[in-house]
Amino acid sequence: MQNDNKFPILETDRLILRQVTEEDAGSLLAYLSDPTVVKHMGFEPFLSIDDAINEISWYRSIFDEGSGIRWGIALKEDDVIIGSCGFLNWIPKHYRSEIGFELSRSFWGKGIANEALEIVLAYGFKQMNLQRIEALIEPPNESSKRLVENHSFVREGLLRSYECTLGKFVDLYMYSLLKEEFLNA
């Protein structure tokens with residue numbers, strides 16, 4: 001993704017979005033072991049530090065192979081990872097990528113996901129030169145639907161039985177945001 005392979009650090013008024021390292025495994029385990037947080041993420045709650053380390057390895061692999069980038073979200077005041085946000089399934093040829101995000105339940109309702117999403121979208125459109133950013137969201141996931149809709153994403157339709165998750169087929173809404181919609185908002 002980056003020619004120099006240097007992981008970009010993003011900052012907002014309250015947040016630092018940075019690379020997640022193995023030292024952050026305990027923080028990831030803390031919120032990804034919460035069934036409410038992972039309810040719509042397509043996997044079981046984490047049970048061990050190894051689960052968190054595997055997730056961190058996945059973050060590193062998508063960055064190294066150039067198929068995505070996942071930032072850890074931390075408050076500037078303590079630099080503890082409380083969530084993540086980033087791109088996956090990046091297809092440079094078509095100038096598009098999917099976006100994903102999650103946040104520790106104890107930080108819900110404080111505008112943190114909104115703040116993190118805004119800077120990650122800006123990075124995608126301006127630094128990655130994306131034309132289209134997609135969000136695939138399970139229909140019952142009201143908070144994620146509200147979050148992307150607040151950022152002017154358009155719900156394009158329902159992808160029926162789009163994924164097999166935890167042994168069952170799930171529908172996903174396809175949302176998208178185009179570069180000109182973001183830049184003109």
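Here the structure is shown first, and the text comes after it.
### A closer look at the packing of helix 1 (residues 25-32) against helix 3 (residues 49-65)
Next up, step 1: Where helix 1 contacts helix 3, the axes come no closer than 8 Å and their chain directions differ by 110°. Comparing their axes, helix 3 and helix 1 come out roughly perpendicular. Contacts from Ala25, Gly26, Leu28, Leu29 and Leu32 of helix 1 reach helix 3 at Ile49, Ala52, Ile53, Glu55, Ile56 and Tyr59.
Next up, step 2: A breakdown of the residues in the contact of helix 1 with helix 3 according to their chemical character gives nine nonpolar, one polar and one charged.

### Quick look at the pairing of strand 3 (residues 69-75)
Next up, step 1: Judged by how many residues are buried, strand 3 sits mostly within the fold: seven of seven residues are covered.
Next up, step 2: Sheet analysis places strand 2 (residues 15-18) next to strand 3, joined by four bridges and oriented antiparallel. Residue pairing for strand 3: Leu15 is matched across the bridge by Leu75.
Next up, step 3: Taking the residues that link successive antiparallel strands as the turn, the strand 3-strand 4 (residues 81-91) hairpin has five residues, and the phi of Asp79 there is positive, at about 60°.

### Details of the pattern of salt bridges
Next up, step 1: Evaluation of the coordinates by the stated rule reveals nine salt bridges.
Next up, step 2: With a shortest N-O distance of 2.8 Å, Arg18 and Asp79 are connected by a salt bridge. Note that Arg18 is positioned in strand 2 and Asp79 in the loop between strand 3 and strand 4, a separation of 61 residues in sequence.
Next up, step 3: Since its relative accessible area comes to 13%, Arg18 is described here as buried.
Next up, step 4: Owing to a relative accessible area of 37%, Asp79 belongs among the partly exposed residues under this scheme.
Next up, step 5: Notably, a salt bridge pairs Lys145 with Glu142, separated by 3.0 Å at the nearest N-O pair. Of this pair, Lys145 and Glu142 both sit in helix 5 (residues 142-150), three residues apart, roughly one helical turn.
Next up, step 6: Judged by its relative accessible area of 9%, Lys145 falls in the buried class.
Next up, step 7: Salt bridges sharing common partners tie together Arg18, Asp24 and Asp79.

### A short note on empty space enclosed by the protein
Next up, step 1: Enumeration over the complete set of coordinates arrives at one cavity of 30 Å³ or more.
Next up, step 2: Its volume calculated, the largest cavity comes out at about 50 Å³.
Next up, step 3: Forming the boundary of the largest cavity are Phe7, Gln19, Val20, Tyr59, Arg60, Phe63 and Arg70.
Next up, step 4: Ranked by residues supplied to the lining of the largest cavity, first place goes to helix 3 with three residues.
Next up, step 5: The residue makeup of the lining of the largest cavity, split by class, is four nonpolar, one polar and two charged.

### Looking at the environment of Ala185
Next up, step 1: Relative to the assigned elements, Ala185 resides in the segment after helix 6 (179-183).
Next up, step 2: By relative accessible area, Ala185 is classed as exposed at 79%.
Next up, step 3: C-alpha separation for the pair Ala185 and Thr165, spaced 20 residues apart in sequence, amounts to 35 Å.

Definitions and limits used
- Residues numbered from 1 in each chain as written.
- Predicted model: local features only at pLDDT ≥ 70, side-chain atom pairs only at ≥ 80, totals over all residues.
- Heavy atoms only, no water.
- Axes fitted to C-alpha atoms, helices over the stretch in contact; angles between N-to-C directions.
- Helix = DSSP H or I, 4+ residues; strand = E, 2+ residues; numbered from the N terminus.
- Parallel < 35°, antiparallel > 145°, perpendicular 65-115°, else oblique.
- Contact = heavy atoms within 4.5 Å.
- Nonpolar A, V, L, I, M, F, W, Y, C, P; charged D, E, K, R; others polar.
- Buried < 20%, exposed > 50% of the residue type's maximum accessible area, 1.4 Å probe, protein only.
- Pairing = 2+ DSSP bridges.
- Salt bridge = Lys/Arg side-chain N within 4 Å of Asp/Glu carboxyl O.
- 1 Å grid on protein atoms, 1.4 Å probe; cavity = no way out; pocket = protein on both sides within 12 Å on 5 of 7 lines; lining within 4 Å.
- Points joined across faces, edges and corners; volume = space filled by probe spheres on them.

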